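Residue strings, one per chain:
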Amino acid sequence: MDKRDINKRIGNRDNSFYWQTDRLISVEEAADIWSDRHFNITNEFLLDSIRKNFPEIELDYIKPFDEHAQTSLGNVNSIRIGVLKNGEEVVIRCHPRGIKNEYFYAESEASKLALEHNLPAYKTLGIHDLENEDDVSYQIIEKLSGDTVQFY
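A few points on the structure. (Residues numbered from 1 in each chain as written. Predicted model: local features only at pLDDT ≥ 70, side-chain atom pairs only at ≥ 80, totals over all residues. Heavy atoms only, no water.)

1. Topic: helix 5 (residues 104–116)
At step 1: In a regular helix each residue adds 1.5 Å, so 13 residues correspond to 18 Å; helix 5 covers 18 Å between its end C-alpha atoms and thus fits that length.
At step 2: Where helix 5 is concerned, the buried positions are F104, S108, S111 and A114. Buried residues of helix 5, viewed axially, fall in a sector of 120°; they line one side.
At step 3: For helix 5, the elements touching its buried residues are strand 3 (89–94), strand 4 (124–128) and strand 5 (138–142).
At step 4: Just downstream of helix 5 lies N118, where phi reads positive at about 60°. (Helix = DSSP H or I, 4+ residues; strand = E, 2+ residues; numbered from the N terminus. Expected span 1.5 Å × (residues − 1). Buried < 20%, exposed > 50% of the residue type's maximum accessible area, 1.4 Å probe, protein only. Arc of directions from axis to C-beta. Contact = heavy atoms within 4.5 Å.)

Set out below in structure tokens:
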């Protein structure tokens with residue numbers, strides 16, 4: 001699978017109403033990308049990357065992945081729960097290894113605008129862009145209380 005070619009096509013939003021259904025990749029490519037998204041990124045890799053790229057976040061550890069947790073119900077990102085040195089939890093949204101995520105910025109901007117209008121939303125603590133095919137794009141956000149809509 002040529003991830004460079006896929007990344008050129010996957011980021012293209014031209015003639016796209018909804019990216020998850022209109023993305024310019026085949027069903028086979030989508031299966032290759034997302035079928036192992038939870039298990040091809042280790043917590044150790046993420047912890048090292050976050051500590052290196054975002055030392056100010058002070059991530060202490062990442063909880064073991066729970067595929068049955070409500071945060072694992074999505075079909076694009078792999079979600080991990082990190083614990084800061086002060087005991088607070090954060091959500092780490094990981095895109096599949098080697099695949100660009102150009103949407104974390106849009107989602108963070110939408111959340112920021114919601115917060116500015118006193119609507120419930122999360123704060124983004126950091127976004128890491130993919131640097132090479134062995135890297136992972138991820139977004140670190142505030143963990144809000146309550147249930148996800150899909151879980152509810």
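Anyway, onward from the coordinates.
2. Details of unusual backbone geometry
At step 1: The backbone phi angle of E58 is positive, close to 55°, even though this residue is not glycine.
At step 2: Here E58 shows up in the loop between helix 4 (43–53) and strand 1 (59–62).
At step 3: Judged by relative accessible area, E58 falls into the partly exposed class, the value being 47%.
At step 4: Its identity as a non-glycine residue notwithstanding, N118 has a phi of 60°, on the positive side.

3. Topic: the sheet that holds strand 1
At step 1: Sheet architecture is open: 5 strands sit in the order 1-2-3-5-4, paired in antiparallel fashion. Across the chains shown, the open sheet's two edge strands, defined by having one partner strand only, are strand 1 and strand 4. Strand-to-strand twist across the sheet, computed as the mean angle between neighbouring axes with direction ignored, equals 25°.
At step 2: Here strand 1 runs beside strand 2 (residues 78–84); their pairing, made up of 3 bridges, is antiparallel. Bridged to I62 within strand 2 is G82.
At step 3: Strand contacts of helix 4: strand 1, strand 2, strand 3, strand 4 and strand 5, with the helix running at about 165° to strand 1, the strand carrying the most contacts. (Pairing = 2+ DSSP bridges. Axes fitted to C-alpha atoms, helices over the stretch in contact; angles between N-to-C directions.)

4. Examining the packing of aromatic side chains
At step 1: With the rule as written, the count across this model stands at 1 aromatic pair.
At step 2: One residue, R97, lies across the ring of F45, its end atom 4.6 Å from the ring centre. (Phe/Tyr/Trp six-rings, centres within 6.5 Å; stacked < 30°, edge-to-face > 60°. Lys NZ or Arg CZ within 6 Å of the ring centre and 35° of its normal.)

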